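Below are the chains, spelled out letter by letter.
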Amino acid sequence: MADLKHWLHAFRLRTLPLAVSSIIVGCALAYDEAYRSGTDFFSLSVLCLALLTAILLQILSNLANDLGDHQHGTDNAERVGPQRSVQSGAITAAQMKRAMLICGALAFTCGIALIVTALGFSVKMLVFLLLGVLAIGASVKYTFGKNPYGYAGLGDASVFLFFGIVGVCGTFYLHAHHIEPLILLPAIAFGCFSAGVLNVNNLRDIKNDKASGKITMAVRLGFDNAKGYHGILIATGLLCLIAYTAVTFRAMPQWGWLITVPALGTHLRTVLRAHDPASLDPQLKKLALTTFFTALAFSAGLILVA
């Protein structure tokens, strides 16, 4: 049986802050809307269950990615990032499959509790149940199984959708039971930042991915074009947050998220000037944490002015 430290390594706890960023933002937007509309639809139970569901889905994705890349031969001696658990032999493929089943069942159960708490038993509940099943499927099929979509360059679109649009707008809806069109701006912003984290990962691994037949967006674009694509993602995210804050401005705390812009700028400059893909490994953690702190600062600004 694998040691706890090996399972914690497989869970990739460092990825969890990014996973909950869109949930935090969606809840903060709902809190702000509840204050401005004079209603009390914000729910602490929805906040807690949404965070737990997002964490379980991210862990499920990490486990499936560990096993999937091993099965497809992408995890090998040429890979730049940290050694994976199945690749190293610390966890067997059978153990990883069992862990995936357990984590998937927990995510599904927690998701059901979230949806019922927020929406009760209704047609709306069935729509969100379908979204939940799709989210579980997306978590698993990124690199695991036959024809994983991550090997066809579709990972960026999935991350943008689930870490941005669904994460932010879906969480808002579970509180408010309606959608405000303007929240698409922060949803797009954090979808872009999250896709940027994946792009840094793919830029780092571009040589090995290409040799292993993993055709990511970075592989399709080539190293230089993928760096330009990265610039577009970061710039789009910033512009969307600026636009939302300007349109909804009530007090200066709403601009507090600008404190993370220097870190984003330093990160982007490093990526654009990089010549060696392996040198980008530290930027993966930096962008993930900067996105998380941007989400916290953006959300705190909304709460402070409420």
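Our subject is the structure listed above.
These numbers were taken from a predicted model, which means no experiment stands behind them.

A. The layout of surface pockets, seen in detail. For the second largest pocket, the calculated volume is near 210 Å³. Lining the second largest pocket are 12 residues, and of these Trp-7, Phe-11, Arg-98, Ala-99 and Ile-102 lie nearest its centre. Secondary-structure elements contributing two or more residues to the lining of the second largest pocket are helix H1 (4-11), helix H3 (44-71) and helix H5 (93-119). With six residues, H5 is the single largest residue contributor to the lining of the second largest pocket. Residues that form the lining of the second largest pocket fall into these classes: 10 nonpolar, one polar and one charged.

B. Representation of the environment of Ala-235 within the structure. Structurally, the position occupied by Ala-235 is in helix H11 (residues 223-247). When the C-alpha positions of Ala-235 and His-72 are compared, they lie 34 Å apart, and in sequence the two are 163 residues distant.

C. Main features of the pattern of salt bridges. Going through the model one piece at a time under the given rule, you end up with seven salt bridges. Between Arg-36 and Glu-33 there is a salt bridge, and its shortest N-O distance comes to 3.0 Å. Taken together, the residues Arg-36 and Glu-33, both in helix H2 (residues 16-37) and three residues apart, mark about one turn of the helix. Overall, the relative accessible area of 43% leaves Arg-36 in the partly exposed class. Asp-205 serves as the salt-bridge partner of Arg-204, at 2.9 Å between the closest nitrogen and oxygen. A residue is classified by how much of its surface remains accessible, and Arg-204, at 3% relative accessible area, is buried.

Calculation notes
- Residues numbered from 1 in each chain as written.
- Predicted model: local features only at pLDDT ≥ 70, side-chain atom pairs only at ≥ 80, totals over all residues.
- Heavy atoms only, no water.
- 1 Å grid on protein atoms, 1.4 Å probe; cavity = no way out; pocket = protein on both sides within 12 Å on 5 of 7 lines; lining within 4 Å.
- Points joined across faces, edges and corners; volume = space filled by probe spheres on them.
- Helix = DSSP H or I, 4+ residues; strand = E, 2+ residues; numbered from the N terminus.
- Nonpolar A, V, L, I, M, F, W, Y, C, P; charged D, E, K, R; others polar.
- Salt bridge = Lys/Arg side-chain N within 4 Å of Asp/Glu carboxyl O.
- Buried < 20%, exposed > 50% of the residue type's maximum accessible area, 1.4 Å probe, protein only.

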